[in-house]
Amino acid sequence: MRPSRLPFISATVLALFPAAVYAHERFVRHDLKFPLHEAYFGRNPGAFLGIQPDMMRIATISFLVLTAFLIIFFFRQDLDVFISHRVLAKLRGPAQRGLHHLANFLTDEPVRLPWFHAIGEWAVVLFLRSPALVLMYSATNDSLVMPSYPLEPTSAYFFKFFQVFLAILMLTQTALPLAGALVIGTWIYLWRWGWMVAADAIPVVTVAVLYITSPWQSYKIAITEMTETQLRWVRLVLGFGFFALGWLKIYNYHLTAGVADNYPSVMDDPMIGFFAMGTNPVFRRENWIIAFALAEVLSGFMLMMGIFTRVWGTLMLWVFTKLMLVDFGWDEIPHIYPIAATLAVVFSNKARSEFSIIEEIQRKAGREGRSVFRLASVLVASLAISVVAVYMLVYAFTFINRTNL
Amino acid sequence: MSTIVAALEEPPRPALVFVNGAEQRKITVERVPYSIGRNDDKDLVITDARVSRDHAVIQAEGTDYVIQDRGSKQGTYVNGAKIERQKLNSNDRIEFGVKGGPYLIFNPTSTEQLQMQKELAATSRISIFSKLSPNDVEQLAKIVTQKEYAADTAVFFQDEPSDSLYMILKGSVKVTTASEAGVEKVLDFLGAGEIFGELAMLDGHPRSATVTTCEPTEMASISRKDFKNFAAGRPEILWKLMESLCERIRKTSDSMLEMSSKEVPYRLLAALHQLTEKHGQVAADGSCLINMKVGPQELAAMVGANREVVSRLLHKYEADGLIELGKNKKLIVPHPAALTKALEYASEWS
């Protein structure tokens, strides 16, 4: 990637932060029906670090889960070898190879199979062209980007042709960097209708990252693979969205609690129950907010940092597909963007971790027979990352005054 | 303190196996000198008239053990030779009196180790360990791990972290590599006595290829750490390893040249010729059996062509009498000389 593009993309990612947060609340009723224990979220002078004990307990469970995931991730190849060649040593032939490919899929290692590569190529083609489908559909329905945002009669004529022009650029792969810039421009224009409208179009901006980093002569070449850099940015944007959404659930806890009040069944999720185990039932809704938020923070953080990217990506595919086909229906057809983006990420063999340096250190130590240092480096790194990822903002959020929300 | 130092300087206690007719028992020498004779006060009492009352004694000498005859009537023999005083080595046979009588085996090697030594010695003719002395082979046997693999079992996969060197004792393996797009290439077929895994052992990077057994295969593996220690005082092994690496580089260069300059028919004939040379078993009638299952799929991956083209060419070569399909789908080259000639002609056409 050219250095000049880095600040631009970084600025885009930062601009997405507030918008990403509310994207999924657009269709969901969130009026608060019962008052919350407001003191739960603020400073608790008698408690450790001033954090409410139940909140601290959930944060600690999240911290331990993240630490465990990180340790397993850093030792994943050794674990794979141990399981494949020791525990399941009797396997052979297609069963052994099948298990090996499955293990590689789960551990973000290359899956060297022709059909896997073919799906990856197809996913990139879908990712590149899918925005054009929705733009064409929007143009024919007098809406902008999404069918649910009707165009103003004064500018409808211009925007209909503009969308068709943009879609033609995408479908023919012509001047993709220009197409990327136009997408960003359109997204900025969407702010005219408010941040919620712009937030819903974030997946289009994710595609714009791919367009901007494509060559100007894009119409001449068959783009069927993302480069490592493109993949990295797509992963960062997608993961960041979830990460931010998780933290904003704590920041704007009234909105999150409102969702639970209107849809009580969401509080029965077993995974959220796991994060909230052992907490005081008096603060059931408050605990649910923190557990729900931190579960999302963890998944977003791991996707963003490239920790078991394929596992989290597959979960996201499930969530997005369900949203599009089951929960919200035709109005959510733009979810085809994140689905295509996630498919391209999941079926790529170029997955890398932002913490690859730690893997290199532990492998080098292992090779030199420094087992204690190897274990210590992974343990210390995992603990440090988890502390920063979980406790810092949990602690910081206890100081926030939310009266303006 | 001096006791501790003395203990540290003493060689490890030897083990003896005493054999007297049907009787056989293991003895650990607890202290030296270790006396042997017919008298009851001896450490090892042998109630045989041919053995003197005070026959011989085993003593420590630096890091070694020696046996000394104590002026016995019938004499003491080590490996059939009469001795007065003799340094003892592992598996030495010590006899008292006449041959065929009771005897001791000094520090016997275990059955497994003996088997391993035998196999290592057998394979050392063509492996990197070919110039090792019997003593070194014995040392090697102690640090290698032997394992048996069923047919069609991956010894390791591409990209896996591992730092062991493997040596094939029996059987054969297929070495393949696959691109990120899943396109597979057969790099080589290796047989008994050949080594693999040396690249990852040396540079510490993940495995560059997948190795799969073609038939039930026995292998010995050595970890990087053990190999490093073992090779430290034996530079000839490192030279052999370098030779092996050079051979791989030459093979890769030849393969690249062939792929870029020769047509598929030539490449296929060259692959068949190579397999015949390396893994062929010549029968009484002069025909040669390629002793491993190599089908069109493997050959296609070897020569960088698709399976259909290779199948068509194999049928043509079969019709031309260059190859035959034998039992268990193994290929037979009825006239190896004809295959060589065909390769020469194909080379001129390509």
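Here's what I pulled together on the structure shown here.

The rules behind the values
Residues numbered from 1 in each chain as written. Chains lettered and ligands numbered in written order. Predicted model: local features only at pLDDT ≥ 70, side-chain atom pairs only at ≥ 80, totals over all residues. Contact = placed C-beta atoms within 7 Å. Helix = DSSP H or I, 4+ residues; strand = E, 2+ residues; numbered from the N terminus. Nonpolar A, V, L, I, M, F, W, Y, C, P; charged D, E, K, R; others polar. Expected span 1.5 Å × (residues − 1). Axes fitted to C-alpha atoms, helices over the stretch in contact; angles between N-to-C directions. Parallel < 35°, antiparallel > 145°, perpendicular 65-115°, else oblique. Left-handed = near helix turned anticlockwise from the far one by under 90°. Pairing = 2+ DSSP bridges.

**Here we look at the interface of chain A and chain B**
At step 1: With 19 residues of chain A in contact, the opposing surface of chain B contributes 18 residues.
At step 2: At the level of elements, helix H3 (76–87), helix H4 (93–106), helix H5 (114–140) and helix H16 (356–367) of chain A are the ones that each hand at least two residues to the side of chain A that touches chain B.
At step 3: Ranked by residues supplied to the side of chain A that touches chain B, first place goes to H4 of chain A with four residues.
At step 4: Its residues placed into classes, the side of chain A that touches chain B shows five nonpolar, seven polar and seven charged.

**Comments concerning helix H9 (residues 307–319) of chain B**
Residues and elements named next belong to chain B.
At step 1: Taking 1.5 Å per residue, 13 residues should reach 18 Å; H9 reaches 18 Å between its end C-alpha atoms and fits that length.
At step 2: Summarising the contacts, the buried residues of H9 are in contact with helix H7 (264–279) and helix H8 (296–303).
At step 3: Remark: Gly321 follows H9 within two positions and exhibits a positive phi of approximately 85 degrees.

**What to know about the packing of H7 of chain B against H9 of chain B**
All names here are of chain B.
At step 1: Between H7 and H9, the shortest axis-to-axis distance is 11 Å and the interhelical angle comes to 70 degrees. Relative to H9, H7 is oriented roughly perpendicular. For the crossing formed where H7 meets H9, the hand is right-handed. Across the interface between the two elements, Val264, Pro265 and Leu268 of H7 pack against Val309, Val310 and Leu313 of H9.

**Things to note about the pairing of strand E1 (residues 15–20) of chain B**
Residue and element names in this part refer to chain B.
At step 1: Bridge analysis of E1 against strand E2 (residues 23–28) gives six bridges, and the strand direction is antiparallel. Along E2, the bridge assignment pairs Val19 with Gln24.
At step 2: Where E1 meets strand E11 (residues 103–106), four bridges bridge the pair, whose relative direction is antiparallel. Residue pairing in the sheet places Val19 in a bridge with Tyr103 of E11.

**What about the sheet that holds strand E21 (residues 288–290) of chain B?**
Two pairing modes exist for strands in a sheet, parallel and antiparallel, and in both the strands are linked by backbone hydrogen bonds.
Residues and elements named next belong to chain B.
At step 1: Here four strands make up an open sheet; going across it, the order is E20-E21-E23-E22 and the pairing antiparallel. Two strands in the sheet have a free side with no partner beyond their single neighbour: strand E20 (280–282) and strand E22 (324–325).
At step 2: As paired strands, E21 and strand E23 (residues 331–333) are joined by two bridges and run antiparallel to one another. The residue bridging Leu289 from the neighbouring strand is Ile332, located in E23.
At step 3: The strands touched by H7 are E20, E21 and E23; relative to E21, the strand with the most contacts, the crossing angle is about 100 degrees.

**Details of the sheet that holds strand E4 (residues 44–45) of chain B**
Residue and element names in this part refer to chain B.
At step 1: The five strands lie next to each other as E4-E3-E5-E6-E9, forming an open sheet whose pairing is mixed. The open sheet has two free edges, formed respectively by E4 and strand E9 (85–87), since each of these has just one partner strand.
At step 2: Pairing between strand E6 (residues 64–69) and E9: three bridges, direction antiparallel. Paired with Gln68 across the two strands is Arg85, which belongs to E9.

**Section: the packing of helix H10 (residues 228–251) of chain A against helix H15 (residues 336–346) of chain A**
Residue and element names in this part refer to chain A.
At step 1: Here H10 crosses H15 at 130 degrees, and the two axes come no closer than 10 Å. Judged on the interaxial angle alone, H15 and H10 are oblique. Classified by chirality, the crossing of H15 by H10 is left-handed. Residues Leu231, Val234, Arg235 and Leu238 of H10 form the contact with H15, whose own contacting residues are Pro338, Ala341, Thr342, Ala344 and Val345.
At step 2: Classifying every residue of the contact of H10 with H15 by side-chain character gives seven nonpolar, one polar and one charged.

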